[in-house]
Amino acid sequence: GSAVPKVEAATIVPSAHPFGSDLIVKIVKEEKPAVVNISTSRTIKRQSGPKPKGSPFGHRNPFEEFFGEEPFEHFFDMPRGPEKRKSLGSGFVIDKEGYILTNFHVIEKADEIKVTLENGKEYDGEVVGTDPKTDIALIRIKSNGNLPVALLGDSDKIEVGEWVVAIGNPFGLNHTVTVGVVSAMGRDIGSGPYDNFIQTDASINPGNSGGPLINARGEVIGINTAIMASGQGIGFAIPINMAKTILNDLKTKGSVTRGWLGVLVQKITPELAESFNLKEEQGALVSDVLKGGPAEKAGFQRGDVILEFNNKPIKTMEDLPKVVAETPPEKEVEVKILREGKPKTLRVAVGKQEEPEKLAAEKKTSERLGMTLEDITSEMAKQMNLEDPKGVVISEVEPGSAAQEAGLRQGDVILELNREKVENVKDYKRILDKATDKSSLLMLVKRGENTLFLTLKKG
């Protein structure tokens, strides 16, 4: 028979494969001193009654998996006075000035932040900047400038299957090391608009949140952030490049200013690809151009397919918001599109996302009905293509609740309650309080381009 072709064996070097070497030991020795324990406390009012049902991740959202809840609190769920609640997380020092990266949910609502180094030294932590949309926070400790510093890598160069090390404080156990591989990239777990998580099987547990995910070169390539309660061996980390793009804003302004294009986009299905004469199902299809926005001024039209934004390929509709958001406002960029099957390049001056109207967007939960409502901000109105920025939007519907049984969904806008116009959460609550003698509520709801009436039975 024919000769079997000779196959050269791949050379596996220690930098790629830790077995048979002390690579992990070296990484831990170099990077562990820069990892810190973050302990926070806040005063809360204890209330009786069970906690609301959560998402498939086990709690209100994936990030709550990392809160260091007190043992047995569910067994002794009775009315108590205000008390301090402590929670634990992790972080890592990124420069000699004492700046530390962690998760926003680790320090959210904290009255006091304590940062402990590996050598046992404890410092008071000060919040410098936060970005809830990406769950990233920057805090700072005052030191003599002689702090161990973590080396930041490039998360765009991550390969699925490469070895990673996670260091943190799971369950409050200081400086624990776990090892695994990168299981997948670009995961969207439904936690925010810019989900782009690294998935890993390196063990991540409550308390690891905010700690570093480190590659075989000893570089931090991610911030350990979330776990999936329903499955072991599935953890998620924020790519370090996402933190790098907002670091300057966090340092100088305390919050993040993001770019805005002013289009609504949708996924390209095989049917749409055929209708628009597209060879591939790639890009983001423009379904609407918002009036007065940067895209309208630049000449974008409905039906345009965005293929590239500022030299970055747009493979799916989910890519576009992330790329636009990290583009500095007022920067003029090139956008490559297909219009009626023909390539075209547009130049657009990126706009600025409006600051969240934190005070105006009062958020309240109607426990009896099982849904969370928010005032509609002007930015929300633009994104949802609402002519009138009034009403309340449903941001969460509790599974099995009266709201879900009535057919209400996340994203629905409540325009009327019992035939009275609803302009904000306060209006909604006022009308609801009046309806004490009624067993059901009549709601007029806007869902996308349609409006419909729904009847909700009170509990």
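Residues numbered from 1 in each chain as written. Predicted model: local features only at pLDDT ≥ 70, side-chain atom pairs only at ≥ 80, totals over all residues. Heavy atoms only, no water.

### Regarding the nonpolar core
Note on soluble globular proteins: their nonpolar side chains tend to be buried together.
Part 1: Ranked by size, the top nonpolar core spans 30 residues in total, and within it Phe92, Ile94, Leu101, Ile136, Leu138, Ile223 and Ile240 carry the most contacts.
Part 2: Among the secondary structure elements, those contributing two or more residues to this core are helix 1 (23–31), strand 3 (99–103), strand 7 (136–140), strand 8 (163–168), strand 12 (220–227), strand 13 (235–239) and helix 3 (240–252).
Part 3: Here the element with the most residues in this core is helix 3; it accounts for six residues.
Part 4: Counting 23 residues, the second-largest nonpolar core is a separate cluster that includes Ala406, Ile414, Val425 and Leu454. (Core = buried A, V, L, I, M, F, W, Y, C linked by side-chain atoms within 4.5 Å. Buried < 20%, exposed > 50% of the residue type's maximum accessible area, 1.4 Å probe, protein only. Helix = DSSP H or I, 4+ residues; strand = E, 2+ residues; numbered from the N terminus.)

### So, the sheet that holds strand 8
Part 1: Taken in spatial order, the six strands line up as 8-9-10-13-12-11 and close into a barrel, and their pairing is antiparallel. For this sheet, the mean inter-axis angle between neighbouring strands, taken without regard to orientation, is 45 degrees.
Part 2: Pairing of strand 10 (residues 197–200) with strand 13 involves three bridges; the strand directions are antiparallel. Of the residues in strand 13, the one forming a bridge with Ile198 is Ala237.
Part 3: Contacts between helix 1 and the sheet are confined to strand 8, strand 9 (176–187) and strand 11 (212–215), with strand 8 contributing the most and set at about 40 degrees to the helix. (Pairing = 2+ DSSP bridges. Axes fitted to C-alpha atoms, helices over the stretch in contact; angles between N-to-C directions. Contact = heavy atoms within 4.5 Å.)

### Topic: helix 1
Part 1: Buried within helix 1 are the following residues: Leu23, Ile27, Val28 and Glu31. Buried residues in helix 1, looked at end-on, bunch into an arc of 130 degrees, giving them a common side. (Arc of directions from axis to C-beta.)

### Regarding the environment of Ile314
Part 1: In this fold, Ile314 is placed in the loop between strand 18 (312–313) and helix 6 (319–325).
Part 2: In this structure Ile314 comes out as buried when scored by relative accessible area, which is 2%.
Part 3: Put simply, Ile314 and Lys336 are 22 residues apart on the chain and 9.6 Å apart in space, counted from C-alpha to C-alpha.
Part 4: In contact with Ile314, other than residues within four places in its own chain, are Gln282, Gly283, Ala284, Ile306, Leu307, Glu308, Phe309, Asp319, Leu320 and Val323.

### Brief notes about the confidence of the model for the protein chain
Part 1: For the protein chain, the average pLDDT comes to 79, and 80% of its residues sit at 70 or higher.
Part 2: In this model residues 7–14 is a low-confidence stretch, pLDDT under 50, and it forms three contacts with partners more than four residues away in sequence or in other chains.
Part 3: Low pLDDT (under 50) marks residues 355–367, which in the prediction has 25 contacts with non-local residues, meaning those over four places away or in another chain. (pLDDT = per-residue confidence, 0-100.)

### A word on unusual backbone geometry
Part 1: A positive phi is found at Asn311, a non-glycine position, where the angle reads about 70 degrees.
Part 2: Position of Asn311 relative to the elements: it lies in the loop between strand 17 (305–309) and strand 18.
Part 3: The class of Asn311 is exposed, set by a relative accessible area of 61%.
Part 4: A positive phi angle is found at Glu330, which is not glycine, with a value near 80 degrees.
Part 5: On the secondary structure map, Glu330 appears in the loop between helix 6 and strand 19 (332–339).

### Brief notes about the side chain of Asn37
Part 1: Within the fold, Asn37 resides in strand 1 (residues 35–44).
Part 2: For Asn37, a relative accessible area of 7% corresponds to the buried category.
Part 3: Sequence-distant contacts of Asn37, defined by excluding residues within four places in its chain, comprise Leu88, Gly89, Lys114, Val115, Thr116, Asn169 and Asn174.

### Quick notes on the side chain of Glu162
Part 1: Note that Glu162 resides in the loop between strand 7 and strand 8.
Part 2: Engagement of the side chain of Glu162 in a polar contact is seen with the backbone nitrogen of Glu159, the distance being 2.7 Å.
Part 3: With near-sequence residues (within four places) excluded, Glu162 lies in contact with Lys157, Gly180, Val181, Val182 and Asn215. (Polar contact = N/O pair within 3.5 Å; in protein donor to acceptor, adjacent residues only side chain to side chain.)

### Overview of the pairing of strand 28 (residues 450–457)
Part 1: Two elements, strand 27 (residues 440–447) and strand 28, share eight bridges in a ladder whose sense is antiparallel. Paired with Lys446 across the two strands is Thr451, which belongs to strand 28.
Part 2: Between strand 27 and strand 28, which follow one another and run antiparallel, lie two residues, and Gly448 among them has a positive phi close to 65 degrees.

### Some words on the pairing of strand 20 (residues 342–349)
Part 1: Taken together, the eight bridges between strand 19 and strand 20 define a ladder with antiparallel strand orientation. Across the sheet, Lys336 pairs through a bridge with Thr345, a residue of strand 20.
Part 2: Where strand 19 folds back onto strand 20 in an antiparallel hairpin, the turn is made up of two residues, including Glu340, whose phi is positive at roughly 55 degrees.

### Thoughts on helix 3
Part 1: For helix 3, built from 13 residues, the straight-helix expectation of 18 Å at 1.5 Å per residue is met to within 8% by its first-to-last C-alpha distance of 19 Å.
Part 2: Where helix 3 bends most, the angle comes to about 45 degrees, and this point is Ile246.
Part 3: Here helix 3 has its buried residues at Ile240, Asn241, Met242, Ala243, Ile246, Leu247, Asp249 and Leu250.
Part 4: Phi turns positive one or two residues past the end of helix 3, at Gly254, with a value near 85 degrees. (Expected span 1.5 Å × (residues − 1). Bend = angle between axes of the 7 residues up to and from the residue.)

### A short note on the pattern of salt bridges
Part 1: This structure, assessed with the given rule, holds 19 salt bridges.
Part 2: For Arg347, the salt bridge is made with Glu334, and the minimal N-O distance between the two is 3.3 Å. With Arg347 in strand 20 and Glu334 in strand 19, this residue pair connects regions lying 13 residues apart in the sequence.
Part 3: A residue is classified by how much of its surface remains accessible, and Arg347, at 45% relative accessible area, is partly exposed.
Part 4: For the salt bridge of Glu416 with Arg419, the shortest nitrogen-to-oxygen distance reads 3.9 Å.
Part 5: When its relative accessible area of 22% is taken as the criterion, Glu416 is described as partly exposed.
Part 6: Among the ionic contacts, a cluster of salt bridges with common partners joins Glu420, Asp427, Arg430 and Lys434. (Salt bridge = Lys/Arg side-chain N within 4 Å of Asp/Glu carboxyl O.)

### Observations concerning the packing of aromatic side chains
Part 1: Enumeration according to the criterion identifies one aromatic pair in this entry.
Part 2: Note that Lys251 overlies the ring of Tyr99, its terminal NZ or CZ placed 4.6 Å from the centroid. (Phe/Tyr/Trp six-rings, centres within 6.5 Å; stacked < 30°, edge-to-face > 60°. Lys NZ or Arg CZ within 6 Å of the ring centre and 35° of its normal.)

### Some points on the environment of Gly153
Part 1: Secondary-structure assignment places Gly153 in the loop between strand 7 and strand 8.
Part 2: Spatially, the C-alpha atom of Gly153 lies 8.7 Å from that of Gly222, the residues being 69 residues apart in sequence.
Part 3: If we ignore the near neighbours within four places in the chain, the residues touching Gly153 are Glu219, Val220, Ile221, Ile240, Asn241 and Lys244.

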